[in-house]
Amino acid sequence: DAVLQLKDVEMTFPDGTQALRGISLTIKKGELVSIIGPSGAGKSTFMRSLNRLNTPTAGSIVFEGQDVMRARGKELREIRRRIGMVFQHFNLIKRSQTYHNVLHGRLGYMPTLKGSFGRFSKEDTEKAFEVLRRVGLEEHMFKRADELSGGQQQRVGIARAIIQEPSLLLADEPIASLDPSSSENVMNYLKQVCEEDGLTSIVNLHQVDFAKKFAHRIIGIKAGEVVFDGAPRELTDGI
Ligand code: ADP
Ligand code: ADP
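The model shown is predicted, which means the values in this text are computed figures rather than measured ones. (Residues numbered from 1 in each chain as written. Chains lettered and ligands numbered in written order. Predicted model: local features only at pLDDT ≥ 70, side-chain atom pairs only at ≥ 80, totals over all residues. Heavy atoms only, no water.)

Describing the pairing of strand 9 (residues 217-222)
Link 1 in the chain: Judged by how many residues are buried, strand 9 sits mostly within the fold: 5 of 6 residues are covered.
Link 2 in the chain: Bridging between strand 3 (residues 32-36) and strand 9 involves 4 bridges; their strand directions are parallel. Of the residues in strand 9, the one forming a bridge with Ile-36 is Gly-220.
Link 3 in the chain: Examined bridge by bridge, strand 9 and strand 10 (residues 225-230) share 5 bridges and lie antiparallel to one another. Within the sheet, the bridge partner assigned to Gly-220 lies in strand 10 and is Phe-228.
Link 4 in the chain: Between the end of strand 9 and the start of strand 10, which pair antiparallel, lie 2 residues, with Ala-223 showing a positive phi angle near 45 degrees. (Buried < 20%, exposed > 50% of the residue type's maximum accessible area, 1.4 Å probe, protein only. Helix = DSSP H or I, 4+ residues; strand = E, 2+ residues; numbered from the N terminus. Pairing = 2+ DSSP bridges.)

Here's what the structure looks like:
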C-alpha cells in the first residue's frame, strides 16, 4: 500500500538550476524515511514538491491515489491538510500561547474562534492538550511560545502538525537549529509519535547519525538524483 509514488520528477527553476533530475520512488504506509545529502542536493525542493510548495517541471506525484501535480484549489488544500509539516525554524507565533500555536496550525480546519483575539472552544482546547501531552508539553500549554526552549518549540511544531491528523508527516531539517541533546530528544518524540499512529514520515536531515537512528529507510540525494536507497545498516560510508 503505497502512500506516495513519484515517477521521473524533475524540477528546473526559472534561472535554469536543475534541483531535481528524475526522482522515482515509492513510499509505503508507516515507513519512516530519512532524506540525506549535502547542502544544495535538492532535499528541500524534493520535500516542497510533495505538497506543491514547488511545482515540479516534469514527472508525476501520486499521494494516496491523488495526482498532486494536477491538483488545484479545494483538492490541493485537501492534500495539504493530509500532509503535516514540521519546519527547521519552528515557524511559531512567538507571542502566542503554546496551545494557540497548535490550533493555528490546524490547516484545513478553522478553530472556533470567539472574537478576533482567539478564545478557542473547549473541544479545541482539549484536543490541543491531548497532542501537547503526546510531546510531553502539557504543562506548558499556556506559556507563550517564546518562553520555551528551542527543543520544546520544535515539539510544539510536531504537535501542531499532528493535530490535523495527517497521513504523511514531512519534516525539513527539524533539528538543524538545535543542540545535540535537544536534537536527540526531539527526534525521539518524532519517532514515537509516528510509530504510535503508524504515520508515514519523511524527514530531511543532514546529520547521518540521527537519520540512522530515526529511519527504517534512508534515501540519499546528490545533485538532484537518488544515489542511495536502503536500510540504515546498508549505509556504511556516507553517500
Ligand atoms: P538542499 O535542501 O538539499 O540543501 P535545495 O532543494 O534547497 O537543496 O536546493 C537544490 C538546488 O536548487 C540548489 O542548487 C539551490 O541553490 C537551488 N534552488 C533552490 N531554490 C531555488 C530557487 N527558488 N531558484 C533557483 N534555484 C533554487
Ligand atoms: P538495524 O540493523 O540496526 O536493526 P534497521 O535498518 O533494521 O537497522 O532499523 C533501524 C531502526 O528502524 C531501528 O530502530 C529499527 O527498530 C527500526 N525499524 C526498521 N524497520 C522497521 C519496521 N519495518 N518497522 C518498525 N521499525 C523498524
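Moving on from the coordinates now.
Things to note about the packing of aromatic side chains
Link 1 in the chain: One pass over the full model with this rule turns up 1 aromatic pair.
Link 2 in the chain: Look at Tyr-99 and Phe-142: their rings are 5.2 Å apart centre to centre, the planes differ by 75 degrees, and that puts the pair in the edge-to-face class. Of this pair, Tyr-99 sits in helix 3 (residues 98-104) while Phe-142 sits in the loop between helix 4 (122-134) and helix 5 (150-162), placing them 43 residues apart in sequence. (Phe/Tyr/Trp six-rings, centres within 6.5 Å; stacked < 30°, edge-to-face > 60°.)

Here's the deal with the nonpolar core
Inside soluble globular proteins, nonpolar side chains tend to come together where they are buried.
Link 1 in the chain: If you look at the biggest cluster of nonpolar residues, it comprises 43 residues, and the most contacted ones within it are Val-102, Leu-132, Val-135 and Met-187.
Link 2 in the chain: Within the residue set of this core, elements represented by two or more residues are strand 3, helix 3, helix 4, helix 5, strand 7 (168-172), helix 6 (180-197) and helix 7 (208-214).
Link 3 in the chain: The biggest single contributor to this core is helix 6, with 6 residues.
Link 4 in the chain: Beyond its immediate stretch of four places on either side in the chain, Val-102 contacts Ala-128, Val-131, Leu-132, Val-156, Ala-159, Arg-160 and Ile-163.
Link 5 in the chain: Listed in part, the 29 residues of the second largest apolar core include Ile-27, Phe-63, Val-68 and Leu-76. (Core = buried A, V, L, I, M, F, W, Y, C linked by side-chain atoms within 4.5 Å. Contact = heavy atoms within 4.5 Å.)

Digging into the pattern of salt bridges
Link 1 in the chain: By the definition in use, this model includes 14 salt bridges.
Link 2 in the chain: The salt bridge involving Lys-122 is made with Glu-126; its shortest N-O contact spans 3.2 Å. Within this pair, Lys-122 and its partner Glu-126 are both found in helix 4, separated by 4 residues, close to a single helical turn.
Link 3 in the chain: Across the pair Asp-146 and Arg-144 runs a salt bridge, and its minimum N-O distance is 2.7 Å.
Link 4 in the chain: Look at the salt bridges and you will find they share partners, linking Glu-64, Glu-78, Arg-81 and Arg-82 into a network. (Salt bridge = Lys/Arg side-chain N within 4 Å of Asp/Glu carboxyl O.)

Quick notes on the packing of helix 5 against helix 6
Two quantities define a packed helix pair, namely the angle between the helix axes and the distance between the axes.
Link 1 in the chain: Running from N to C, helix 5 and helix 6 cross one another at 15 degrees; their axes reach a closest spacing of 9 Å. Classified by the angle their axes make, helix 5 and helix 6 are roughly parallel. In terms of crossing hand, the pair formed by helix 5 and helix 6 is right-handed. Of helix 6, the residues touching helix 5 (which contributes Gly-151, Gln-154, Arg-155, Ile-158 and Ile-162) are Ser-182, Asn-185, Val-186, Tyr-189, Leu-190 and Val-193.
Link 2 in the chain: In terms of residue class, the contact of helix 5 with helix 6 is built from 6 nonpolar, 4 polar and 1 charged. (Axes fitted to C-alpha atoms, helices over the stretch in contact; angles between N-to-C directions. Parallel < 35°, antiparallel > 145°, perpendicular 65-115°, else oblique. Left-handed = near helix turned anticlockwise from the far one by under 90°. Nonpolar A, V, L, I, M, F, W, Y, C, P; charged D, E, K, R; others polar.)

Examining the sheet that holds strand 8 (residues 200-204)
Link 1 in the chain: Strand order across the open sheet formed by 6 strands is 6-7-8-3-9-10, with mixed pairing between neighbours. With partners counted over all chains shown, the strands left at the sheet margins are strand 6 (83-86) and strand 10, one partner each. Strand-to-strand twist of the sheet, defined as the mean angle between neighbouring strand axes without regard to direction, takes the value 20 degrees.
Link 2 in the chain: Helix 5 contacts strand 6 and strand 7 of the sheet and is inclined by roughly 170 degrees relative to strand 6.

Quick word on the confidence of the model for the chain
Link 1 in the chain: Here the chain averages 92 in pLDDT, and 93% of its residues register 70 or above.
Link 2 in the chain: Counting contacts from residues 107-111, a segment whose pLDDT is below 50, to residues more than four positions away or on other chains yields 7 contacts.
Link 3 in the chain: Predicted confidence for residues 113-117 stays below pLDDT 50, and this span has 6 contacts to residues more than four positions away or in other chains.
Link 4 in the chain: At the level of chain-chain contacts, confidence expressed as ipTM amounts to 0.73, with global pTM at 0.86. (pLDDT = per-residue confidence, 0-100.)

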